[in-house]
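This is what each chain is made of:
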Amino acid sequence: MNKYEVKGVVGEGAYGVVLKCMNKENGEYVAIKKFKESDEDEVVKKTTLREVKILRMLKQENIVQLREAFRRKGKLYLVFEYVENNLLEILEERPNGLEQDDVRKYIYQLCKSISYCNSMDIIHRDIKPENLLISKDGTLKLCDFGFARVLPQKGGNLTDYVATRWYRAPELLLGYTDYGKEVDMWAVGCIMGELTDGQPLFPGQNEIDQLYVIQKVLGPLTAEQQEVFLKHPGFLGVKLPEISKPETIEKRYLGKLSKKALSFMKSLLKMDPSQRMSADEALQHPYFDGIRDKEIQQTNKHGRPEERV
Ligand SMILES: Oc1ccc(-c2ccc(-c3cc(Nc4ccc(CNC5CC5)cc4)n[nH]3)cc2)c(O)c1
């Protein structure tokens, strides 16, 4: 830590703190995650080692890069690239939402980061505006893999966890343990809505209310999910809401979303995870026509020559 000068705090959590620091040797800014616990606690040690193992796997332009990891006085320090801002603060500056083209550019980059994670069998599990960093040139970078997990082999289960409620998929809220990468794409749909009008799409006040606000817009849970809800110990005695006329995404964003954007968002906000669009499918969606082609042209200009057919 001697070569770093602390300039401020950019994040805090149960784990510890993320500091904005300057490298005194080269003047470069970095973000350093300083873990609170020393490594005496076996459980903490196991989770931090799992986090570092995942971070070392990730090298993609829309994911914050881990630069180095070191221990000092029994505490673990992770050094990352520093990025100027995050989407939470940008949303606070734009209470009525962002321009539609900026929404599209950010959601495209987010889908690229998730597609890359999925190619490594990694799910993030806590995608939210605070964990989406935005650089001065408008590059989005996914950060904070503290809840991330490597998907278990077929039939394996994931343990429960508590991440940010407003972006949590129905299967997580209902306690399913065989959930998968679809939970990250549900969060993308929630964030797309929030970027569009500046308001959280499903701002539930507790877990029951979260399921209620989701159904108020999208309609009822699936039949299977309703059965799970009625048997869930945490929801015993709680009635499912009678949703005769859901608000619908169309009405919620009337006049604010193009037809392609609406179709894209609705393909993400499917109650049934098996029906939800994957990150790879999302990248091929007509919503990204124009962005994808421009990127292909640029790659061919600077990268591998266009394959001759
Ligand atoms: O497993 C992990 C754990 C932590 C990280 C992580 C890595 C890097 C950052 C980070 C944050 C950051 N910049 C930043 C973050 C937040 C703001 C918003 N204003 C803050 C409140 C003062 C402004 C700038 N640059 N890099 C944050 C988290 C990570 O990427 C993975």
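In this report, the structure presented in the accompanying data block is examined. Numbering of residues starts from 1 in every chain and runs along the sequence as written. Residue-level local features of this predicted model are given only where pLDDT is at least 70; pairs of side-chain atoms are given and counted only at 80 or more, and the full residue set underlies all totals for whole chains, interfaces and linings. Values shown for side chains rest on all heavy atoms present in the structure; no hydrogens or waters enter the calculation.

1. Description of the overall build of the protein
By definition, any uninterrupted DSSP run of H or I lasting at least four residues is a helix, any uninterrupted run of E lasting at least two residues is a strand, and each is numbered from the N terminus. Scanning the protein for helices and strands turns up 11 helices and 10 strands. Computed over the C-alpha atoms, the radius of gyration of the protein is 20 Å, within 12% of the 19 Å expected from 2.2 N^0.38 for a compact globule of 309 residues. On the principal axes, the C-alpha backbone points of the protein span a range of 65 × 55 × 40 Å. Think of it in three bands: with a 1.4 Å probe and only protein chains considered, a residue is buried below 20% of the maximum accessible area for its type, exposed above 50%, and partly exposed in between. Split into buried and exposed, the 309 residues of the protein put 48% on the buried side. In what follows, a contact means two residues having at least one pair of non-hydrogen atoms within 4.5 Å. Taking the intrachain contacts of the protein between residues at least 6 apart in sequence as the baseline, contacts between residues at least 24 apart amount to 63%. For the protein, the computed accessible surface area is about 16,300 Å², with 50% contributed by carbon and sulfur atoms. Separation between the mean location of the 48 positive side-chain charges and that of the 47 negative ones in the protein comes to 2 Å. The reference for a compact globule is 2.2 Å times residues^0.38; the radius of gyration itself is calculated from the C-alpha atoms. In these tables, accessible area is a Shrake-Rupley quantity obtained with a 1.4 Å probe, and a residue counts as shielded only by the protein chains included in the view. Only four residue types enter the tally: Lys and Arg on the positive side, Asp and Glu on the negative side; His and the chain ends are excluded. Where a charge sits is defined by one atom per residue type, namely NZ (Lys), CZ (Arg), CG (Asp) or CD (Glu).

2. A look at the site of the ligand
What makes a residue near a molecule or strand is one non-hydrogen atom of that residue sitting within 4 Å of it. In the vicinity of the ligand there are 21 residues, among which E51, V83, E89, D144 and F145 approach most closely. Polar contact criterion, stated in full: a pair of N or O atoms within 3.5 Å, where within protein one must be able to donate a hydrogen and the other to accept it, and residues adjacent in sequence count only if both atoms are side-chain atoms. Between a nitrogen atom of the ligand and a main-chain N or O atom of V83, the distance comes to 2.7 Å. In the model, an oxygen atom of the ligand is placed 3.1 Å from a nitrogen or oxygen of the D144 main chain. In isolation the ligand offers 650 Å² of accessible surface; the protein chains occlude 86% of this area. The definitions used throughout rest on a 1 Å grid laid over the protein atoms alone, on which a cavity is an enclosed set of points accommodating a 1.4 Å probe that cannot get out and a pocket is an open set flanked by protein within 12 Å on both sides along at least five of seven lines; lining residues are those having an atom within 4 Å of a point. Pocket occupancy is defined atom-wise: a molecule lies in a cavity or pocket when more than half of its atoms are within 2 Å of its grid points. Of the pockets mapped on this structure, the ligand occupies the largest pocket.

3. What to know about the packing of helix 3 (residues 100–119) against helix 5 (residues 182–197)
Put simply, helix 3 and helix 5 touch, their axes get as near as 10 Å, and they point 165° apart. With respect to helix 5, the axis of helix 3 lies roughly antiparallel. Between helix 3 and helix 5 lies a crossing of right-handed hand. For the pair helix 3 and helix 5, contact is made by Q100, V103, Y106, I107, L110, C111 and I114 and by D184, M185, V188, I191, M192, L195 and T196, respectively. Residues of the contact of helix 3 with helix 5, tallied by class, amount to 11 nonpolar, two polar and one charged. Axes here refer to lines fitted to C-alpha atoms; in helices the fit is confined to the stretch in contact. Angles between the N-to-C directions go from 0 to 180 degrees. Throughout this description, any angle smaller than 35 degrees is read as roughly parallel, any larger than 145 degrees as roughly antiparallel, any in the 65 to 115 degree range as roughly perpendicular, and the remainder as oblique. Left-handed describes a crossing whose near helix is turned anticlockwise from the far helix by less than a right angle; the clockwise case is right-handed. Throughout, the ten residues Ala, Val, Leu, Ile, Met, Phe, Trp, Tyr, Cys and Pro are labelled nonpolar, Asp, Glu, Lys and Arg are labelled charged, and all others, Gly among them, are labelled polar.

4. Section: the pattern of salt bridges
A pair is scored as a salt bridge if a Lys or Arg side-chain nitrogen falls within 4 Å of a carboxyl oxygen belonging to Asp or Glu. All told, the structure shown has 19 salt bridges when counted by the stated rule. In this structure, the salt-bridge partner of R94 is E99, at a minimum N-O distance of 3.6 Å. With its nearest N and O atoms 2.3 Å apart, the salt bridge here joins K266 to E250. Here K266, found in helix 9 (residues 259–268), pairs with E250, found in helix 8 (residues 249–252); they are 16 residues apart in sequence, far enough to count as distant. Each of E61, K112 and E295 takes part in salt bridges that share partners, so that together they form one network.

5. Comments concerning the sheet that holds strand 6 (residues 85–86)
By this definition, two strands are paired if DSSP reports at least two bridges between them. Judged by pairing direction, the sheet is antiparallel, and its three strands sit side by side in the order 6-8-9 without closing on themselves. The outermost strands of the open sheet, each flanked by one partner alone, are strand 6 and strand 9 (140–142). Pairing of strand 6 with strand 8 (residues 132–134) involves two bridges; the strand directions are antiparallel. Each residue of the ladder has a partner; that of N86, found in strand 8, is L133. Relative to strand 9, helix 3 is tilted by about 35°, and along the sheet it contacts strand 8 and strand 9.

6. Quick notes on the packing of aromatic side chains
Ring pairs shown here join Phe, Tyr and Trp side chains whose ring centres sit within 6.5 Å, with only the six-membered ring taken for Trp; geometry is labelled stacked below 30 degrees between planes, edge-to-face above 60, and tilted in between. All chains considered together, the criterion is met by eight aromatic pairs. One aromatic cluster in this structure is built from Y108, F264, Y287 and F288. Think of it as a cone above the ring: NZ of Lys or CZ of Arg counts as a charge over the ring if it is within 6 Å of the ring centre and within 35 degrees of the ring normal. Between K20 and the ring centre of Y29, over which it is positioned, the NZ or CZ distance is 4.8 Å.

7. Some details on unusual backbone geometry
Of note, the phi angle at R125 is positive, near 80°, even though the residue is not glycine. If you trace the backbone, R125 turns up in the loop between strand 7 (122–123) and strand 8. Residue classification places R125 among the buried positions, given a relative accessible area of 4%. With a phi angle near 75°, T248 is a residue other than glycine that sits in the positive phi range.

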